[in-house]
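Inside the fold
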Amino acid sequence: MITFEGVTKRYGDGTVAVDNLSLQVPTGAITVFVGPSGCGKTTSLRMINRMIDATSGRILLDDQDVRHIDPPTLRRGIGYVIQQAGLFPHRKIVDNVATVPYLLGWDKKKARARAMELLERVGLDTKLAGRYPFQLSGGQQQRVGVARALAADPPVLLMDEPFSAVDPVVRTSLQDELLRLQSDLHKTIVFVTHDIDEAIKLGDTVAVLRVGGHLAQIAAPSTLLAE
Ligand code: ADP
Ligand code: ADP
């Protein structure tokens, strides 16, 4: 469980990106943060893995204040997927996915076997494993991004508009793949999107944010109030 307790983020220029946000992200389910551009979704996400620290309030990860966990330790348990996949351009696909296992000192053969297993799992043709990122389509790169985030089997996954940059057909297939994976893996997922349809499709819980960083409502998709 991830708990936001009265979390506020004010940037150096005075912008209040997140305003007194309190909510709970249940373990083993997908919680979607949805809202228009600039409502504080990315800021909220990045406070969980401490790429950004809150100005006030606190975020608890299983009852522990994330500010009491050093960032490298924290991030070993938190996979992170961004819009443009963020793959290392000079590393082969298999080595991109195995990056974290390598860092953790896994045996190279074991790390690569794990990478291949994950690539298969996210629906990527494993024949592409020896290629470089620029040789893959945007949708394929996103699959690799998801595989990489899962490599060390973190209990938590943060996903920041991971499917927004691909065309609608590919986006649908990536969404379906994520739901399939999740029915098996039961990760604690925070998924950020500006697309309400995507939020309703993927979220077990949907948190609707408004510009100014306010929480408008949080509910199961079926009970979201129309606005
Ligand atoms: P979203 O992800 O919903 O688009 P962000 O969290 O990126 O929203 O941004 C929330 C608000 O904070 C916006 O007004 C944005 O311009 C502002 N903001 C984001 N990063 C910074 C920064 N480093 N310095 C100042 N303002 C920022
Ligand atoms: P991303 O797509 O990774 O969320 P953005 O395009 O929102 O990044 O922002 C790019 C960079 O500019 C980030 O470092 C963000 O913190 C910063 N930034 C965003 N909005 C503002 C703002 N209003 N003032 C200052 N910096 C900002």
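The rules we used
Residues numbered from 1 in each chain as written. Chains lettered and ligands numbered in written order. Predicted model: local features only at pLDDT ≥ 70, side-chain atom pairs only at ≥ 80, totals over all residues. Heavy atoms only, no water. Salt bridge = Lys/Arg side-chain N within 4 Å of Asp/Glu carboxyl O. Helix = DSSP H or I, 4+ residues; strand = E, 2+ residues; numbered from the N terminus. Buried < 20%, exposed > 50% of the residue type's maximum accessible area, 1.4 Å probe, protein only. Near = heavy atom within 4 Å. Polar contact = N/O pair within 3.5 Å; in protein donor to acceptor, adjacent residues only side chain to side chain. Areas by Shrake-Rupley, 256 points an atom, 1.4 Å probe, with all protein chains shown as cover. Phe/Tyr/Trp six-rings, centres within 6.5 Å; stacked < 30°, edge-to-face > 60°. Lys NZ or Arg CZ within 6 Å of the ring centre and 35° of its normal. Core = buried A, V, L, I, M, F, W, Y, C linked by side-chain atoms within 4.5 Å. Contact = heavy atoms within 4.5 Å. Pairing = 2+ DSSP bridges. Axes fitted to C-alpha atoms, helices over the stretch in contact; angles between N-to-C directions.

1. Quick look at the pattern of salt bridges
- One pass over the full model with this rule turns up 12 salt bridges.
- Between Arg-121 and Glu-117 there is a salt bridge, with the nearest N and O atoms lying 4.0 Å from each other. Separated by 4 residues within a single helix, Arg-121 and Glu-117 lie in helix H5 (residues 108-121), roughly one turn from each other.
- Accessibility expressed as a relative area gives 39% for Glu-117, which makes it partly exposed.
- Where Lys-187 meets Asp-153, a salt bridge forms, and the shortest distance between an N and an O atom there is 2.5 Å. Separated by 34 residues along the polypeptide, Lys-187 in the loop between helix H7 (168-185) and strand S8 (188-193) and Asp-153 in the loop between helix H6 (138-150) and strand S7 (156-160) bring together distant segments of the chain.
- Looking at Asp-153, the relative accessible area reads 47%, which means it is partly exposed.

2. Observations concerning the site of ligand 1
- Near ligand 1 you find Tyr-11, Asp-13, Thr-15, Ala-17, Pro-36, Ser-37, Gly-38, Cys-39, Gly-40, Lys-41, Thr-42 and Thr-43, and these make up its full shell.
- For ligand 1, an oxygen atom lies 2.7 Å from a polar atom in the backbone of Gly-38.
- Thr-42 places a polar main-chain atom, nitrogen or oxygen, 2.8 Å from an oxygen atom of ligand 1.
- The fraction of the free accessible surface of ligand 1 (560 Å²) that becomes covered by protein chains is 61%.
- Looking at which element gives the most residues to the shell around ligand 1, the answer is helix H1 (residues 41-48), with 3 residues.

3. Describing the packing of aromatic side chains
- Tallied over the full model, the rule gives 2 aromatic pairs.
- Note on Phe-4 and Phe-33: the rings are 6.0 Å apart at their centroids and 65° apart in plane angle, and the pair reads as edge-to-face. Note that Phe-4 is positioned in strand S1 (residues 2-10) and Phe-33 in strand S3 (residues 30-34), a separation of 29 residues in sequence. The two residues Phe-4 and Phe-33 agree in class, both being buried.
- Each ring, one from Phe-163 and one from Phe-191, has its centre 5.8 Å from the other, and the planes form 55°; the classification is tilted. Remark: Phe-191 occurs in strand S8 and Phe-163 occurs in the loop between S7 and H7; sequence separation between them is 28 residues.
- Taking the relative accessible area as the measure of exposure, Phe-163 reaches 2% and is therefore buried.
- Positioned above the aromatic ring of Trp-106, the side-chain terminus of Lys-110 is 4.3 Å from the ring centre.
- A cation sits over an aromatic face here: Arg-148 above Phe-88, 5.1 Å from the ring centre.

4. A word on the nonpolar core
- The biggest cluster of nonpolar side chains holds 40 residues, and the ones touching the most others in it are Leu-119, Leu-124, Val-144, Met-159 and Phe-191.
- Of the residues forming this core, the biggest block, 5 residues, is contributed by H6.
- Not counting chain neighbours up to four residues away, the residues in contact with Phe-191 comprise Ile-30, Thr-31, Val-32, Phe-33, Met-159, Pro-162, Phe-163, Leu-178, Glu-198 and Leu-202.
- Of all hydrophobic cores here, the second largest spans 27 residues; its members include Phe-4, Leu-21, Ile-52 and Val-192.

5. Looking at the sheet that holds S3
- Judged by pairing direction, the sheet is mixed, and its 6 strands sit side by side in the order S6-S7-S8-S3-S9-S10 without closing on themselves. Only two strands of the sheet have a single partner each, and these edge strands are strand S6 (78-81) and strand S10 (214-219). Averaged over all pairs of adjacent strands, the angle between their axes in this sheet comes to 15°, without regard to strand direction.
- Along the sheet, H6 makes contact with S6 and S7, crossing S6 at roughly 170°.

6. Some words on the site of ligand 2
- Inspection of the region around ligand 2 gives Asp-13, Thr-42 and Arg-46 as its neighbouring residues.
- When ligand 2 is considered free in solution it has 550 Å² of accessible area, and contact with the protein chains removes 19% of it.

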